[in-house]
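Descriptive structure summary
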Amino acid sequence: MGIKQLTKFLRSNAPSSISKVELSAFKGKTVAIDLSIFMYKYLHKSESKTKGCHIKGFVELICKLTKNNIRPIFILDGMPTEEKRIVLNNRKEILNDKKYRISEISEELSELLHNQSLEDYLNNNNLSHDELKKITELQAEHLSISNNLIEISKDDKHDIMSIIKLLGIPLLKAKGEA
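Residues numbered from 1 in each chain as written. Predicted model: local features only at pLDDT ≥ 70, side-chain atom pairs only at ≥ 80, totals over all residues. Heavy atoms only, no water.

Quick word on the overall build of the protein chain
Each helix and strand in the protein chain was counted, giving seven helices and three strands. Listing every helix and strand of the protein chain by position from the N terminus yields α-β-α-α-β-α-α-α-α-β. Contacts in the protein chain between residues at least 24 apart in sequence constitute 75% of all its contacts with a sequence separation of at least 6. For the protein chain, the exposed area adds up to about 12900 Å²; of that, 54% sits on carbon and sulfur atoms. In the protein chain, 28 positive and 24 negative side-chain charges are present, and the distance between their average locations comes to 14 Å. (Helix = DSSP H or I, 4+ residues; strand = E, 2+ residues; numbered from the N terminus. Contact = heavy atoms within 4.5 Å. Areas by Shrake-Rupley, 256 points an atom, 1.4 Å probe, with all protein chains shown as cover. Lys, Arg positive; Asp, Glu negative; His and termini not counted. Charge placed at Lys NZ, Arg CZ, Asp CG, Glu CD.)

Structure follows, in structure tokens:
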């Protein structure tokens, strides 16, 4: 399990403990890569949040590593510790709260727009300043929550695991956390 704000702490208290290293420094070496971290990275990085967006990120990573003669080994998380289980349950609650808020916002927008698209509603109605302000605020909140709503599905994980296996790259499951 990661340590929250570790990098910030180290930068403040032990700046020489963190350094940037060129990828070429790992030439001819084998590196272990936590699959989950990169799944979240590529799903979050994708502007479109469309199905399969994470695949491109993994393929590019694998190509970059192999091009630089670096042998990747991907590691899957095993069974979480009790501490990690608590963290995962908290994350799930937060995710569910976000999903619920998105549905509330969608309902509220639908009521404000009388079940029409914003474009149709604007073409057929004159909005007051307050109505327009409320719609804009709700859309901004919806966008903000949606952009931070990252969920790794079983299909997402399966897709990546299949690609990794097809490319002949080792994929190991840790006994505990990766």
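Re the sheet that holds strand 3 (residues 171–173)
Spatially, the three strands line up as an open sheet ordered 1-2-3, and their pairing is parallel. A single partner strand is all that each edge strand has here, and the edge strands are strand 1 (30–34) and strand 3. Here the strands of the sheet are splayed against their neighbours by 30° on average, with no regard to which way each runs. By the bridge criterion, five bridges tie strand 1 to strand 2 (residues 71–76) in an arrangement that is parallel. Bridged to Val 31 within strand 2 is Pro 72. Packed on one face of the sheet, helix 3 (residues 53–67) meets strand 1 and strand 2 and runs near 140° to strand 2. (Pairing = 2+ DSSP bridges. Axes fitted to C-alpha atoms, helices over the stretch in contact; angles between N-to-C directions.)

Details of the packing of helix 4 (residues 82–112) against helix 6 (residues 129–147)
Running from amino to carboxyl end, helix 4 crosses helix 6 at an angle of 155°, the nearest separation of the two axes being 10 Å. Between helix 4 and helix 6, the angle is such that the two are roughly antiparallel. Where helix 4 crosses over helix 6, the handedness of that crossing is left-handed. On helix 6, the residues touching Lys 98, Arg 101, Ile 102, Ile 105, Ser 106, Glu 108, Leu 109 and Leu 112 of helix 4 are Lys 134, Ile 135, Leu 138, Gln 139, Glu 141, His 142, Ile 145 and Ser 146. Along the lines of polarity and charge, the residues of the contact of helix 4 with helix 6 split into seven nonpolar, four polar and five charged. (Parallel < 35°, antiparallel > 145°, perpendicular 65-115°, else oblique. Left-handed = near helix turned anticlockwise from the far one by under 90°. Nonpolar A, V, L, I, M, F, W, Y, C, P; charged D, E, K, R; others polar.)

Regarding the nonpolar core
Core analysis: the biggest nonpolar cluster contains 16 residues, and Leu 35, Phe 58, Phe 74 and Ile 164 have the highest contact counts within it. Listing elements by their share of this core, those giving two or more residues are strand 1, helix 2 (35–45), helix 3, strand 2 and helix 7 (154–166). With four residues, the top contributor of residues to this core is helix 3. Those residues within four positions of Phe 58 in sequence are excluded, and the remaining contacts are Leu 35, Phe 38, Met 39, Tyr 42, Phe 74 and Ile 160. Counting eight residues, the second largest nonpolar core, distinct from the first, contains Ile 102, Ile 135, Leu 138 and Ile 145. (Core = buried A, V, L, I, M, F, W, Y, C linked by side-chain atoms within 4.5 Å. Buried < 20%, exposed > 50% of the residue type's maximum accessible area, 1.4 Å probe, protein only.)

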